[in-house]
Amino acid sequence: MVMVIGLIAIMMPVIFMLSRIGGSQTQLAIKYHENLVAETVAFSGSNAGLSRLQGNIRGYQDLPDESSGEEKYALNIRPTGAGFFGQTLYFLLTNAKIKSHNYTLMAEAEQFKPEPTPPVLVISRDYWNTVEPYEISLMADVLSMQNYRGMELLRLEETRTFERQSTLDQYKSEMQAKKLRLPAEIQSGWDKIVTTLVDEKISE
Amino acid sequence: MVGAAILAIIGGMVANWFVMQRRYQKRILEMSDAQQSIRQASWNMIQELRTARNLIYPRLNADKSIKSDTMTVFKNFSGDIVCYYHYPETGEIRRCVVPNDSGAPIIDTKPIATRIDKVAFTSHDLGNRLLGIYLESGNTVGLESVYLLNE
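Every chain begins its residue count from 1, and numbering advances along the sequence as written. By the order in which they are written, chains take letters starting at A while ligands take numbers starting at 1. Per-residue local features are limited, in this predicted model, to residues with pLDDT of at least 70; the limit for side-chain atom pairs, both in listing and counting, is 80 or more; totals at the level of whole chains, interfaces and linings are taken over all residues.

## Section: the nonpolar core
By definition, a nonpolar core groups buried Ala, Val, Leu, Ile, Met, Phe, Trp, Tyr and Cys residues that are joined through C-beta atoms within 7 Å. The burial criterion counts other C-beta atoms lying within 10 Å of a residue's C-beta, which is placed from the backbone; the residue is buried at 20 or more, exposed at 12 or fewer, and partly exposed between these limits. Membership of the largest hydrophobic core comes to 66 residues, with the highest contact counts inside it found for A:Ala42, B:Leu49, B:Ile56, B:Val73 and B:Cys83. In this text, helices come from DSSP runs of H or I with a minimum length of four residues, and strands from runs of E with a minimum of two, each type numbered from the N-terminal end. Here this core gets seven residues from one element, more than from any other, and that element is helix H1 (residues 2-50) of chain B. Residue ranges assigned to each domain were obtained from an automatic or database domain assignment. Taken together, domain 1 (2-163) and domain 2 (166-204) of chain A each give at least three residues to this core, which thus spans both. Setting aside anything within four residues of it in sequence, one finds B:Ile56 in contact with A:Ile193, A:Thr196, A:Leu197, B:Val73, B:Phe74, B:Lys75 and B:Ile81. Note on contacts: residues are paired as contacts if their backbone-placed C-beta atoms lie within 7 Å.

Dropping the structure here:
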């Protein structure tokens, strides 16, 4: 009897340890699942923001506690000025938070005037994302996000300028020249990729 | 004698239970490892793909049927060309950035995903904005899709 009790006393901590290891690995898998869910919820929040603009709801809107299924998202629509055709320009910000994980989407939106009734035309562009825990209703946080996003937009301007200023042959030879420095897995299909890039090159 | 026999039976039962527990734990560990690899890989790629601008490869076939490959190429938020490709020898998904100007390609030193046995990136729409991602790790599979938001 003593032996049996001794045996069980040794095995129980071992089994407990093994179950803990399994549990922590599962927790990691759940963490990435939550990340993806937070992103999806933020995306649906962004669509909800676009729907509001299409419904001709105008001006500053701060909705910090909206629902998408079982999860919550915050929506902030911030006017930034007027466009060339009289359309209103906005920053469209959405944030979803699941436990400690944050996901924020920031985009620009243009809301046109109703002609004659809603839905009005809305153009959204330059979506940018971050997992930093920004508070989208705070101007300081919005400015900080704008700065990070702005750096990437400057790079976009550089790449687009390069495409515009290169001739088709220059662009093609520049892209082809990179082939030898690519991994073997990409090299085999690179010619086809260059063809697509050249076909879709931005021109003046 | 009877006591020894009872002890042996109890010992056998306990040992059998212990072996079963170990097998069960091993199976759980393998599955959760695989799930973690798949989720991590999906997260890393979707983060960048969501705000990308244009899917360059793969694209629909000439007859408009879907096309799959073990690599994908797209223009990211900044307009540079990003490639994700599977490296079957090590089960890794790697990332390479090709500057969309005169710079040289940069291959990330760290893979964006490990322990991935099979990958298929599938183009789903004419507008080149919807990409399916199939991942397989061990006996576990994952299927995600991502819509490219920017133009």
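So that's the structure; there's more coming.
## A few points about the interface of chain A and chain B
Residue-level contacts link 43 residues of chain A with 43 residues of chain B. Among the elements that take part in the side of chain A that touches chain B, helix H1 (residues 2-54) of chain A stands out by supplying 19 residues, more than any other. Of the residues that constitute the side of chain A that touches chain B, the class distribution is 21 nonpolar, 10 polar and 12 charged. Amino acids are sorted into nonpolar (Ala, Val, Leu, Ile, Met, Phe, Trp, Tyr, Cys and Pro), charged (Asp, Glu, Lys and Arg) and polar (every other residue, Gly among them).

## Some details on the sheet that holds strand S6 (residues 106-107) of chain B
With antiparallel pairing, the five strands of this open sheet are ordered in space as S1-S3-S4-S5-S6 (chain B). Of all the strands in the sheet, the pair left with one neighbour each is strand S1 (54-57) and S6 of chain B. Set on the sheet, helix H5 (residues 190-199) of chain A makes contact with S1 and strand S3 (71-75) of chain B; between it and S1(B) the angle comes to about 145 degrees. Following DSSP output, two strands are said to pair if at least two bridges run between them. Only C-alpha atoms enter the line fits that serve as axes; for helices the fit covers just the stretch in contact. Angles between N-to-C directions range over 0 to 180 degrees.

## Focus on the domain arrangement of chain A
How big an interface is tends to be expressed through the accessible area that disappears when the partners come together. With domains assigned, chain A is organised as domain 1 (2-163) and domain 2 (166-204). The gap between the C-alpha centroids of domain 1 of chain A and domain 2 of chain A is 34 Å.

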